[in-house]
Amino acid sequence: MAVITYREALGQALAEEMERDPDVFLMGEEVGVYNGAYKVSKGLLERFGEMRVVDTPITELGFAGLGVGAAMTGIRPVIEFMTWNFSMLAMDQVWNSAAKLLSMSAGQFKIPVTFRGPDGAALQLGAQHSQALEAIYAHFPGLKVVVPGTPADAKGLLKAAIRDDDPVCVFEGEMLYNLKGEVPEDDDYVIPLGVADLKREGSDVSIITHGKMIHVALQAAAKLEKDGIDAEVLDLRSLRPLDTDAILKTVAKTNRVVLVEEGWPFGGITSTVAAIIQEEAFDHLDAPILRVTQADVPMPYAKGLEKLAKPSAELVVEKVNRVLYR
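What this report covers is the structure whose coordinates are included nearby. (Residues numbered from 1 in each chain as written. Predicted model: local features only at pLDDT ≥ 70, side-chain atom pairs only at ≥ 80, totals over all residues. Heavy atoms only, no water.)

1. Here's the deal with the packing of helix H3 (residues 60-72) against helix H4 (residues 91-98)
To keep things clear, this is the line we draw: Every angle, taken between N-to-C directions, lies between 0 and 180 degrees, and every axis is a line fitted to C-alpha atoms, over only the stretch in contact when it is a helix. Secondary structure elements are defined from DSSP: runs of H or I of at least 4 residues count as helices, runs of E of at least 2 residues count as strands, and each element is numbered from the N terminus. By definition in this entry, angles of less than 35 degrees are roughly parallel, angles greater than 145 are roughly antiparallel, angles of 65 to 115 are roughly perpendicular, and the rest are oblique. By the convention used here, residues are in contact when the closest approach between their heavy atoms is within 4.5 Å. Classification used: nonpolar for Ala, Val, Leu, Ile, Met, Phe, Trp, Tyr, Cys and Pro, charged for Asp, Glu, Lys and Arg, polar for all others including Gly.
Orientation of H3 relative to H4, taken along the N-to-C sense of each, is 25°, at an axis distance of 8 Å. For the element pair H3 / H4, the angle class is roughly parallel. The segment H3 lies against H4, with Leu-61, Ala-64, Gly-65 and Val-68 engaging Gln-93, Ser-97 and Ala-98. Across the contact of H3 with H4, the residue classes tally to four nonpolar, three polar and no charged.

In structure tokens form, the structure reads like this:
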């Protein structure tokens, strides 16, 4: 094990997979000479050269489409969006091409492309740059979607994404790049897609979440522990495929659920998880399912309003107390 940052774990995953497989290459804005907008690709240009670390113009639609076409030939592009907010300019290539070509070609074309980049709100970047978009991408069959919340998960899930024969979207928490944690140094450390992780065992209530909100949930669990409440925290990690068995198992154990996500409430990931629990584990519930999400507004720029709009540990504690009828 080595203690490294989230960004270093992602860079390690890229380097190891590029070393392992000569068909893997990285493409995006500023990934080469500048070492990446968030320094994830630091050193890769010097190590692998400009044919495998490709700086692009500011043309998300263009280089995303190039990545899909390259994947159709059997090579494995990693397409970096400087932020997932900018990926909206490439929606057609991701949703209409990458997600659908395997089905539309009757299995003749596998699309082993990885789309990755920072997601969610940072600090006062305004409404257009502060969006958690994973729920929108998870809506499309044909795409796989993962949201790592720790350095170890970042490395293991990115390596799995690059090796996968389907298009995978990796949503990296923009505020997590400096987060440090223990990461296995094994070149074959891979976390299978579709497997959730129990970040904290508990018996009184299940807090189910993913990505950056894992840390909010764990902060809430620590606060609740002081009041004698033992909260279990389940990290979904993968949204498509979704580990339904892990969700149902924790619900059956604690009988109370609070769902947390960084995105908006309408049509979000928590809506889908709540529906699954209601349909398949209703008899285990001793209280209604409650959710904590971003406020249903474009993210404000003003610092105080931005803080109020984001999910917080205090809001999670409040919802937990409600499902416990306290």
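There's more to say after this.
2. Side note on helix H8 (residues 213-225)
Heads up, the condition is: By definition here, a helix of n residues has an expected span of 1.5 Å times n minus one.
Over its 13 residues, H8 runs 18 Å from end to end, which matches the ideal 18 Å to within 8%, given 1.5 Å per residue. Along its buried surface, H8 packs onto strand S9 (197-200), strand S10 (205-209), strand S11 (231-235), strand S13 (257-260) and helix H12 (313-323).

3. Things to note about the sheet that holds strand S7 (residues 168-173)
Two strands in a sheet stick together by hydrogen bonds in their backbones, pointing the same way (parallel) or opposite ways (antiparallel). Put simply, the test is: Pairing between two strands requires that DSSP report at least two bridges joining them.
Within the open sheet, the seven strands sit side by side as S3-S2-S4-S5-S7-S6-S12. Their pairing is mixed. The sheet is open, and its two borders are formed by strand S3 (53-55) and strand S12 (238-240), each paired with just one other strand. Each adjacent strand pair in this sheet contributes to an overall mean axis angle of 20°, direction not counted. Summarising the sheet, strand S6 (residues 144-146) and S7 pair through three bridges and their orientation is parallel. Following the sheet pairing, Lys-144 is matched in S7 by Val-168.

4. A closer look at the nonpolar core
Note the cut-off: We define a nonpolar core as any set of buried Ala, Val, Leu, Ile, Met, Phe, Trp, Tyr and Cys residues linked to one another through side-chain atoms lying within 4.5 Å. Three exposure classes are used, based on accessible area relative to the maximum for each residue type with a 1.4 Å probe and protein chains only: buried under 20%, partly exposed in between, and exposed over 50%.
Counting residues in hydrophobic clusters, the biggest one holds 47 residues, and the most contacted among them are Phe-81, Phe-115, Tyr-137, Cys-169 and Ile-277. When neighbours within four sequence positions are excluded, Tyr-137 is seen to be in contact with Trp-84, Ser-87, Met-88, Met-91, Val-94, Trp-95, Leu-143, Val-145, Cys-169 and Phe-171. Ala-15, Ala-152, Ile-162 and Val-183 belong to the second-largest nonpolar core, a separate cluster that totals 34 residues.

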